[in-house]
Amino acid sequence: MQHHVADYDKWFSGFKEHGDNRRAHGGTGHIVHRAVDDPNTIVVINEFGTVAGAQAFMADPSLKAAMDRAGVDKAPQIWIVEETESERY
């Protein structure tokens, strides 16, 4: 998921508060990235045990409400993907 926020610290607090909801849908972890040239542009990789869990999380009305409270100020870009390869250097 990629989106822009008004204030990163406010957004991050709201993101952490919504963690129980991610776990309730089978969330197993997340990674948060910030753009170097605009630290209020956020990319979040939420990990789920199943595609169905990810889809249920994205459809949960509490997600939009949490994003609104946290200050997401532009429509997010959302993808549900499956990892096909990973390597660390």
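Within each chain, residue numbers correspond to sequence positions counted from 1 in written order. With pLDDT at 70 or above as the cut-off, local features in this predicted model cover only qualifying residues; side-chain atom pairs require 80 or more to be listed or tallied, and sums for whole chains, interfaces and linings still use all residues. Hydrogens and waters are ignored; side-chain quantities use all the structure's heavy atoms.

### Quick notes on the packing of aromatic side chains
Piece 1. Think of it this way: a Phe, Tyr or Trp ring, Trp meaning its six-membered ring, pairs with another when their centres are within 6.5 Å, and the plane angle makes it stacked under 30 degrees, edge-to-face over 60, tilted otherwise. Scanning the model with the defined rule gives six aromatic pairs in all.
Piece 2. With a centroid separation of 5.4 Å and an interplanar angle of 40°, the aromatic rings of F48 and F57 are classed as tilted.
Piece 3. By way of ring pairs, the aromatic residues Y8, W11, F12 and F15 are connected into one cluster.
Piece 4. Only when the NZ of Lys or the CZ of Arg is both within 6 Å of the ring centre and within 35 degrees of the ring normal is a charge said to sit over the ring. One Lys or Arg, R22, reaches over the ring of F15 and ends 3.8 Å from the middle of that ring.
Piece 5. Directly above the aromatic system of Y8 lies the positively charged group of R34, at a separation of 3.6 Å from the ring centroid.

### Notes on empty space enclosed by the protein
Piece 1. Any residue with an atom within 4 Å of a point lines the site, the site being either a cavity, points on a 1 Å grid over the protein atoms alone where a 1.4 Å probe fits but cannot get out, or a pocket, an open set with protein on both sides within 12 Å along at least 5 of 7 lines. Grid points are joined across faces, edges and corners, and a volume is the space filled by probe spheres set on the points. According to the stated counting rule, one finds one cavity of 30 Å³ or more in the structure shown.
Piece 2. By volume, the largest cavity is sized at about 120 Å³.
Piece 3. Contributing to the lining of the largest cavity are 14 residues, with W11, F15, R22, L63 and M67 lying nearest its centre.
Piece 4. Strands are runs of DSSP state E lasting at least 2 residues, helices are runs of H or I lasting at least 4, and numbering of each runs from the N terminus. Among the elements of the structure, α1 (8-17), β3 (41-48) and α4 (61-70) are those that each provide at least two residues to the lining of the largest cavity.

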